[in-house]
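# Fold and contact review
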Amino acid sequence: MKKVQMLIDGKMSTALSGETREIRDPGNGEVLALVPESAREDVQRAILAARRAFDEGPWRNTTALDRGKFLFKVADAIRKEAKLLAEIEVRNCGKPLAEAEFDVADAANCFEFYGGLATKIHGETMSVPANSLSFVLREPIGVCGQIIPWNYPLLMASWKLAPALAAGNVCVLKPSELTPLTALELGRILTQLELPAGVVNIVSGPGANAGEELAESPLVDKIAFTGGTATGRKIVLGATSSLKRVSLELGGKNPNIVFEDCDFEAAVDGSLFAAFANQGEVCSAGSRLLVEKSIHARFVQAMLDKIPRIKLGHGLDGGVKMGPLISAAHREKVEQYIRVGVEEGAKLRCGGKRPEGAAFAKGNFLEPTIFDNVIPKMRIAREEIFGPVLSVIPFQNETEAIQIANDTEYGLAAGVWTKNITKGIRVMRAIRAGITWINTYHPTFNELPWGGYKQSGNGRELGLYGIEEYLEVKQVNVNLDEGPLGWY
């Protein structure tokens, strides 16, 4: 059985306790690897290594040009290892190979984008009343604790590490205990590229130990967290002891609005993709489908007609469009929501059960599920399910669509389908969400900001906004008057 190590202070390492965790393929239950089960003392080792690397090590004083060149090397290394990384991502996460291949390519692009941006961090000069040369510097924050979820491990690691390193910070990254393999593989790649010791540390283990230590440690200057809203609240509470900087990308219950003047076929395909890509295990999934009443029945039937084309299976099998859920426990959670939907009176139009057959017996599979005639107050329309469950909500007019879309504690993402671009922009401006699409759903670009309103988090990742999250701003004033002040 393969044993994988974590990265601490420039070396691949085991947990001090010697404890390990089995990592399993959610598609067949096969044990993929044993990884270190870190405890607080392991995370403390990583934090101390990062603290030394920032306070005493070379990375902070490495030129922006050389930091950028290193990130280019990381991008090249990811591309060279793309086939291996994609296969690991499929076997660890369950997603179809085509999606994993896209994620790996986008991870490389992210490092490349921030490699180019490393030399574009600008300050400012100011004209002030005093005879002073006054300017503003942007400097690295310091030690950054970064906690990422299980649905996009390599991509989320890249979103966190690339901007932080480009800005001159050092990092302690904690992947999910369920899907640490590609992040740990990235750690191996970084050691081969001779990154200075302690600049990046990657620790595996449960949030109760590793995550809490990162949030609470006074030696950590910033926390960046992507995950559930409830866990995000705990992160914020832990960080208050040292008042460290915190950025959060949290949950969503995202509206996808289809108007009667849409491109019908494009909207049907796009709405299915919005709900069922990556098994619906996406914080920005379009899990609330709002359809104008005049086309509601026809639209739902068109989706039902296409559901058989969503081939279930192991992500490495040919033609698979939807893989297993991440774990048996998570599947049971999603199934409980399906039972709740039925009890609340929503109409179950398809799915809602585990697929039959030997190919599915050992995996955490669940059929794509559509509820129709959902009322906005129902739990399946308000709570993040994080699985392949779509709630269809009919609406009468534009005003009602906007009201339903905004009737949520979340504000991460939203979609609108209409041929009337003026209406599309008008509706999108009225929706309180941070990531929005018109006549498409899910495309993500490294060059543009990612983040949400309300309880979907604070701060932004990606683009110029993403690197600002890893920079402090310093005011510098140089007195140009010679002689004493003469105050006393």
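Everything below is about the structure printed above this text.
All values derive from a computational prediction rather than experimental measurement. (Residues numbered from 1 in each chain as written. Predicted model: local features only at pLDDT ≥ 70, side-chain atom pairs only at ≥ 80, totals over all residues. Heavy atoms only, no water.)

### Things to note about the state of the cysteines
Per the stated rule, a full pass over the model turns up zero disulfides. Looking at Cys 93, it has no disulfide partner, and the nearest cysteine sulfur is the one in Cys 283, 14 Å off. A disulfide-free cysteine, Cys 350 has its sulfur positioned 19 Å from the sulfur of Cys 262, the nearest such atom. (Disulfide = S-S within 2.5 Å.)

### Comments concerning the side chain of Lys 95
Within the element layout of this structure, Lys 95 appears in the loop between α3 (82-93) and α4 (97-117). Take Lys 95: its relative accessible area is 0%, and that puts it in the buried class. Within the structure, the side chain of Lys 95 is placed 2.7 Å from the side chain of Asp 103, a separation counted as a polar contact. Polar contacts involving the side chain of Lys 95 include one to the main-chain carbonyl oxygen of Asn 151, which spans 2.8 Å. Residues contacting Lys 95, with those up to four places away along its chain left out, are Glu 89, Val 90, Ala 100, Asp 103, Asn 151, Tyr 152, Asn 278, Gln 279 and Gly 315. (Helix = DSSP H or I, 4+ residues; strand = E, 2+ residues; numbered from the N terminus. Buried < 20%, exposed > 50% of the residue type's maximum accessible area, 1.4 Å probe, protein only. Polar contact = N/O pair within 3.5 Å; in protein donor to acceptor, adjacent residues only side chain to side chain. Contact = heavy atoms within 4.5 Å.)

### What about α4?
With 21 residues, α4 extends 30 Å between its outermost C-alpha atoms, agreeing within 8% with the 30 Å of an ideal straight helix rising 1.5 Å per residue. Three or more residues of α4 are buried, namely Glu 99, Ala 100, Asp 103, Val 104, Asp 106, Ala 107, Ala 108, Cys 110, Phe 111, Tyr 114, Gly 115 and Leu 117. (Expected span 1.5 Å × (residues − 1).)

### Quick notes on the sheet that holds strand β19 (residues 435-438)
Across the sheet, seven strands lie side by side as β14-β15-β16-β13-β12-β18-β19; this open sheet has mixed pairing. Strands with a single pairing partner mark the edges of an open sheet, and in this sheet they are β14 (347-350) and β19. Neighbour-to-neighbour, the strand axes of the sheet open up by a mean angle of 20°, direction not taken into account. Pairing analysis gives three bridges linking β14 to strand β15 (residues 369-372), with the strands arranged antiparallel. When the sheet's bridge partners are listed, Lys 347 is paired in β15 with Asp 372. (Pairing = 2+ DSSP bridges. Axes fitted to C-alpha atoms, helices over the stretch in contact; angles between N-to-C directions.)

### Things to note about the environment of Leu 32
Looking at the element boundaries, Leu 32 is found in strand β4 (residues 31-36). Overall, Leu 32 belongs to the buried group, its relative accessible area being 15%. For the pair Leu 32 and Asn 439, spaced 407 residues apart in the sequence, the C-alpha separation amounts to 40 Å. Among all residues touching Leu 32, those that are not within four sequence positions of it are Lys 2, Ile 23, Arg 24, Asp 25, Arg 91, Asn 92 and Leu 181.

### A few points about the sheet that holds strand β5 (residues 124-126)
Taken together, the three strands give an open sheet; going across it, the order is β5-β6-β22, and neighbouring strands pair in antiparallel fashion. The open sheet is flanked by β5 and β22 (471-479), the only strands paired with a single partner. On average, adjacent strands in this sheet sit at an angle of 25° to one another, irrespective of strand direction. Judged from the nine bridges that link them, strand β6 (residues 132-140) and β22 form a sheet pairing that is antiparallel. Bridging across to β22, Leu 137 finds its partner in Lys 474.

### Concerning the packing of α4 against helix α5 (residues 153-166)
Describing two packed helices takes the angle between their axes plus the distance from one axis to the other. Their axes nearest at 9 Å, the elements α4 and α5 cross at an angle of 5°. Here α4 lies roughly parallel to α5, going by the angle between them. When α4 is examined against α5, the residues Asp 103, Val 104, Asp 106, Ala 107, Cys 110, Phe 111 and Tyr 114 are found in contact with a partner set consisting of Leu 154, Leu 155, Ser 158, Trp 159, Leu 161, Ala 162, Pro 163 and Ala 166. Across the contact of α4 with α5, the residue classes tally to twelve nonpolar, one polar and two charged. (Parallel < 35°, antiparallel > 145°, perpendicular 65-115°, else oblique. Nonpolar A, V, L, I, M, F, W, Y, C, P; charged D, E, K, R; others polar.)

These figures come from the coordinates and say nothing about function on their own.
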